[in-house]
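# A look at the structure
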Amino acid sequence: MTPLIFLPGMMCDARLFAPQLAALSGEREIIVPPLGGADNIARLAEQVLMLAPEQFALAGLSMGGIVAMEVIRQAPERVARLALMDTNPLAESAAVKAMREP
């Protein structure tokens, strides 16, 4: 069965997907890579791809969805299936950037 990678939202980790991990881990390999240590989405996607198997399904929530879209841009042939949850395909607006600054 195709391995599944979950990408959590900002400031979240694998605990976010605990029910899914419990329900699905007996059926397939599940990976929840850390999303941190990079200063841009492209680099986060590169880190995911370095950890990912050759073919995988991908599910991204919020910022994880943004990273998932970048994974698809960088290596579409590696992603067998994609689920985007509560995410935004648009660039961050100046107003949102200003709210994040503090």
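Residues numbered from 1 in each chain as written. Predicted model: local features only at pLDDT ≥ 70, side-chain atom pairs only at ≥ 80, totals over all residues. Heavy atoms only, no water.

This brings us to the pairing of strand 3 (residues 56–61). Taken across its 6 residues, strand 3 has 5 buried, putting it largely inside the fold. One ladder, built from 4 bridges, connects strand 1 (residues 4–7) with strand 3; its direction is parallel. Bridged to Ile 5 within strand 3 is Leu 58. The pairing of strand 3 with strand 4 (residues 79–85) spans 6 bridges and is parallel. The residue bridging Leu 58 from the neighbouring strand is Leu 82, located in strand 4. Handedness of the crossover joining strand 3 and strand 4 through helix 3 (residues 63–74): right-handed. (Buried < 20%, exposed > 50% of the residue type's maximum accessible area, 1.4 Å probe, protein only. Helix = DSSP H or I, 4+ residues; strand = E, 2+ residues; numbered from the N terminus. Pairing = 2+ DSSP bridges. Right-handed = clockwise from strand over helix to strand, strands pointing away.)

Within the largest apolar cluster, 17 residues are counted, with the highest numbers of intra-cluster contacts made by Ile 5, Leu 7, Val 48, Phe 56, Leu 58, Val 67 and Val 71. Broken down by secondary-structure element, the contributors of at least two residues to this core are strand 1, helix 2 (41–51), strand 3 and helix 3. Setting aside its immediate chain neighbours within four residues, Val 71 contacts Ala 45, Val 48, Leu 49, Phe 56, Leu 58, Pro 76 and Val 79. Leu 4, Phe 17, Ile 30 and Ala 59 belong to the second largest nonpolar core, which has 6 residues in total. (Core = buried A, V, L, I, M, F, W, Y, C linked by side-chain atoms within 4.5 Å. Contact = heavy atoms within 4.5 Å.)

Before going further, it helps to spend a moment on the pattern of salt bridges. Counted according to the given criterion, the structure contains 3 salt bridges. Here Asp 13 makes a salt bridge to Arg 15, at a shortest N to O gap of 2.8 Å. Residue Arg 73 pairs with Glu 70 through a salt bridge whose shortest N-O separation is 2.7 Å. Note that Arg 73 and Glu 70 are positioned in helix 3 at a spacing of 3 residues, about one turn of the helix. (Salt bridge = Lys/Arg side-chain N within 4 Å of Asp/Glu carboxyl O.)

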